[in-house]
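# Coordinate analysis (summary)
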Amino acid sequence: MSNKTYMENIEKGDIARIVALMAFAGTLIVYVETMIVPAIPVFITFFNTTYNNVSWILTAYLITGTVAAGIFGKLGDVFGKRKVFLILSLIYAISVSMGGFATSLDELIVIRIIQGIGFGMYPLAYAIINDVVPRSRLALAQGLMSATFAVGAGMALVIGAYITEAYSWQWSYHAIAPVAFALFILSYFFLKDNTAPAKEKIDFAGVAIMASGLVMLIFGLSEGNTYGWLSPLILFSFVFSIAAFYAFIKYELASRYAFIDMHLLKSRNILIANFVGLLTMAGMYFLFFTVPTLLQDPAPSGFGKSIFTSGLIMLPATILAMVFAPVAARVTDARGPKISILIGLSVSFIAFILLILDRSTILDIIEAATVLGTGFSFVLVGIINLLLISTPKSKSGEATGMNTVFRELGMTIAPALGGTYETMYSVRVIIGLIPYRFNGLPFIPITYGFPSATAYNFTYITGIIFLLFAVLLTTLIVEKKGDNNENI
């Protein structure tokens, strides 16, 4: 059955409900994953363990989430996006409901691995929107979906942080579990799939090769700072991932039922959308991961604010990201995705420069963060729009899954490099006193190393370099009057 026939069966009310459902899914996913980050110090105390061990709560999810993004987008094209989305939403709801009942760190890590599978909903959501929304309103729908990043993060930084501080980390999970099941129920009744599943075999060998390469690459990037970038384990993970990706490309080019259509990457705009996504997300996360640290670390390294207070300080940035998402959609509609991306990258430059020049007050932090939130909206809307108008609808799930993998890699690179700078450049801060005379002092100071101003400066300079490369790639985008967003 043709896409046109399917489109005739989708009413305007159905389209609005589907877009709202997908935005709901995106908000939920970002909320759950953001609420975990401020609770890391709580996990260290609760499980009586070290930061290196607790970091696997993030790493395990990141590994499975990245693999799921690459796999389930394609599976949605093959078996039907609605069917795959429902399965993933149920898996996600069950795993979220289990989170608050974890009694050991190992249990929580296993639960997080299962949650990572549910992340495959995110690229599917973009693909579903691409299928049901008319071309004339596609940019606006993509803008609303892109705004879910800011909405979910903003809610988690305030509501999630408050629940964790006032009650417990377990209740942060208990409170959101009914919402996760609500997504599954609403999707079951209201989600429609307007594309015919592709009748082809699943390339299980290709999936295995790609997954193994992604797992080792994410592991190396996430744990390099822990084990040492030149340690045998980390070097092996990078060599293995390079070999796996090379084997994957060779295998897919020769496969009749290729899991990832390598011909998609022959399209200049699709290739650019993927690499600009990687570079931009890396640049954005240089700020997203350092600003909360800067706010919460004790003086003179930071401002010594609580988790909840730092969330309130970051709230204006998330609000502006929401506000400017529809604006970015209108600009993309009127001028094209290339202009939207360039505007967003230019605005993001300003945020980095502001933080390099002056971050001595809370107001300075708020100004830079709000500028970043604005720029992020333009870039993300432009990238997604460029990708989907350049991709046949029959491969939209595959394309968005691939793009999500690229962006996840960028999100992994940022904390890896930032963590290296924080290790290299730190300042000792007194965090406590032992009432015992020592060397003429009435007490023994307890000190701990926190990121210094130099660490932050190098991080932000690196972010600027990433954005510069993104600008250069964006200038190579070829703008067309039409698009490839049809079954071909």
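The rules behind each value
Residues numbered from 1 in each chain as written. Predicted model: local features only at pLDDT ≥ 70, side-chain atom pairs only at ≥ 80, totals over all residues. Heavy atoms only, no water. Helix = DSSP H or I, 4+ residues; strand = E, 2+ residues; numbered from the N terminus. Rg over C-alpha atoms; globule rule 2.2 N^0.38 Å. Contact = heavy atoms within 4.5 Å. 1 Å grid on protein atoms, 1.4 Å probe; cavity = no way out; pocket = protein on both sides within 12 Å on 5 of 7 lines; lining within 4 Å. Points joined across faces, edges and corners; volume = space filled by probe spheres on them. Nonpolar A, V, L, I, M, F, W, Y, C, P; charged D, E, K, R; others polar. Domains from an automatic or database assignment. Buried area = accessible area lost by both parts, 1.4 Å probe. Salt bridge = Lys/Arg side-chain N within 4 Å of Asp/Glu carboxyl O. Polar contact = N/O pair within 3.5 Å; in protein donor to acceptor, adjacent residues only side chain to side chain. Phe/Tyr/Trp six-rings, centres within 6.5 Å; stacked < 30°, edge-to-face > 60°. Buried < 20%, exposed > 50% of the residue type's maximum accessible area, 1.4 Å probe, protein only. Patch = residues over 30% accessible without salt bridge, like charges linked within 9 Å, V, L, I, M, F, W, Y side chains within 5 Å. Areas by Shrake-Rupley, 256 points an atom, 1.4 Å probe, with all protein chains shown as cover. Expected span 1.5 Å × (residues − 1). Core = buried A, V, L, I, M, F, W, Y, C linked by side-chain atoms within 4.5 Å. pLDDT = per-residue confidence, 0-100.

## Looking at the overall build of the protein chain
Broken down by element type, the protein chain carries 19 helices and two strands. Since a compact globule built from 488 residues should have a radius of gyration of about 23 Å, the 22 Å found for the protein chain is in line with a globular shape. Across its three principal axes, the protein chain shows a C-alpha extent of roughly 85 × 45 × 45 Å. Summarising the internal contacts of the protein chain: among those between residues at least 6 apart in sequence, 80% fall at separations of at least 24.

## Observations concerning the layout of surface pockets
Roughly 390 Å³ of internal volume is contained in the second largest pocket. Every residue lining the second largest pocket is counted, 18 residues in all, and those nearest its centre are Phe245, Phe248, Leu265, Met402 and Phe406. Elements with a minimum of two residues in the lining of the second largest pocket: α11 (204–227), α12 (232–254), α13 (268–288) and α18 (396–424). Broken down by element, the lining of the second largest pocket gets its largest block of residues, five residues, from α18. Looking at the lining of the second largest pocket residue by residue, the classes come out as 16 nonpolar, two polar and no charged.

## Points about the domain arrangement of the protein chain
Domain boundaries in the protein chain define domain 1 (11–202) and domain 2 (265–478). Domain 1 puts 34 residues into the contact, and the matching count from domain 2 is 37 residues. Carbon and sulfur atoms supply 68% of the area buried between domain 1 and domain 2, which totals about 3300 Å² over both sides. Our enumeration of links across domain 1 and domain 2 arrives at zero salt bridges. At the boundary of domain 1 with domain 2, the tally comes to two residue pairs in polar contact (both at pLDDT 80 or more). Put simply, the parts of the chain that give the side of domain 1 that touches domain 2 at least two residues each are α5 (56–79), α8 (121–132) and α9 (138–166). Looking at which element gives the most residues to the side of domain 1 that touches domain 2, the answer is α9, with 17 residues.

## Looking at the side chain of Ser377
In this structure, Ser377 sits in helix α17 (residues 362–389). Aside from chain neighbours lying at most four places away, what touches Ser377 is Ala321, Phe324, Ala325 and Ala328.

## A few points about the environment of Leu295
As for its placement among the helices and strands, Leu295 is situated in helix α14 (residues 291–296). As for Leu295 and Ile362, which are separated by 67 residues in sequence, their C-alpha atoms are 8.1 Å apart. If sequence neighbours within four positions are ignored, Leu295 has contacts with Phe303, Gly304, Lys305, Ser310, Ile313, Met314, Ile362 and Ile365.

## Observations concerning the side chain of Asn269
Tracing the chain through its elements places Asn269 in helix α13. A polar contact of 2.8 Å, which involves the side chain of Asn269, links it to the backbone oxygen of Val478. Not counting the four nearest positions on each side in its chain, Asn269 is found in contact with Leu386, Ser390, Ile477 and Val478.

## Side note on the packing of aromatic side chains
Within this structure, the stated rule accounts for 22 aromatic pairs. Centroid distance Phe219 to Tyr227: 6.1 Å. Interplanar angle 40 degrees. Geometry classified as tilted. We classify Phe219 as buried; its relative accessible area is 12%. For Tyr227, a relative accessible area of 43% puts it in the partly exposed group. Aromatic pair Tyr421 and Phe458: ring centres 5.9 Å apart, planes at 25 degrees, arrangement stacked. Residue Tyr421 is found in helix α18, and its partner Phe458 is found in helix α19 (residues 453–474); the two are separated by 37 residues along the sequence.

## Comments concerning a nonpolar patch on the surface
Taken together, Leu90, Ile94, Met98, Phe181, Ile185, Leu186, Tyr188, Phe189 and Phe190 make up a surface patch of nonpolar side chains, about 810 Å² in accessible area. Elements with a contribution of two residues or more to the nonpolar patch: α6 (81–99) and α10 (169–190). Per element, the largest residue contribution to the nonpolar patch is six residues, and it comes from α10. Within the element layout of this structure, Phe190 appears in helix α10. A relative accessible area of 38% places Phe190 in the partly exposed class.

## As for the pattern of salt bridges
For the structure shown, the criterion picks out four salt bridges. Asp14 serves as the salt-bridge partner of Arg17, at 2.8 Å between the closest nitrogen and oxygen. Pair noted here: Arg17 and Asp14 are both in helix α2 (residues 12–36), with a separation of three residues, about one helical turn. Close ionic contact of Asp77 with Lys81 constitutes a salt bridge, the shortest N to O distance being 3.2 Å. For the residue pair Asp77 and Lys81, the accessibility class agrees, reading buried in each case. Three or more residues are tied together by salt bridges with common partners; here these are Asp77, Lys81 and Asp131.

## Quick notes on α2
Taking 1.5 Å as the rise per residue, α2 with 25 residues should run 36 Å; its terminal C-alpha atoms sit 37 Å apart, in good agreement. Burial of α2 is extensive: 19 of the 25 residues sit out of reach of the surface.

## Details of the nonpolar core
In this structure, Met22, Val32 and Phe43 are the most contacted members of the largest nonpolar core, which totals 135 residues. In terms of residue count, the dominant contributor to this core is α17 (14 residues). Split by domain, this core shows at least three residues from each of two domains, domain 1 (11–202) and domain 2 (265–478). Residue contacts for Phe43: discarding those within four places in its chain leaves Ile36, Asn48, Thr49, Val54, Ile57, Leu108 and Trp169.

## Quick look at the confidence of the model for the protein chain
Chain-level pLDDT for the protein chain is 83 on average; 90% of the residues reach the 70-or-more range. Below pLDDT 50 for its whole length, residues 1–8 participates in 14 contacts with residues either more than four positions away or in separate chains.

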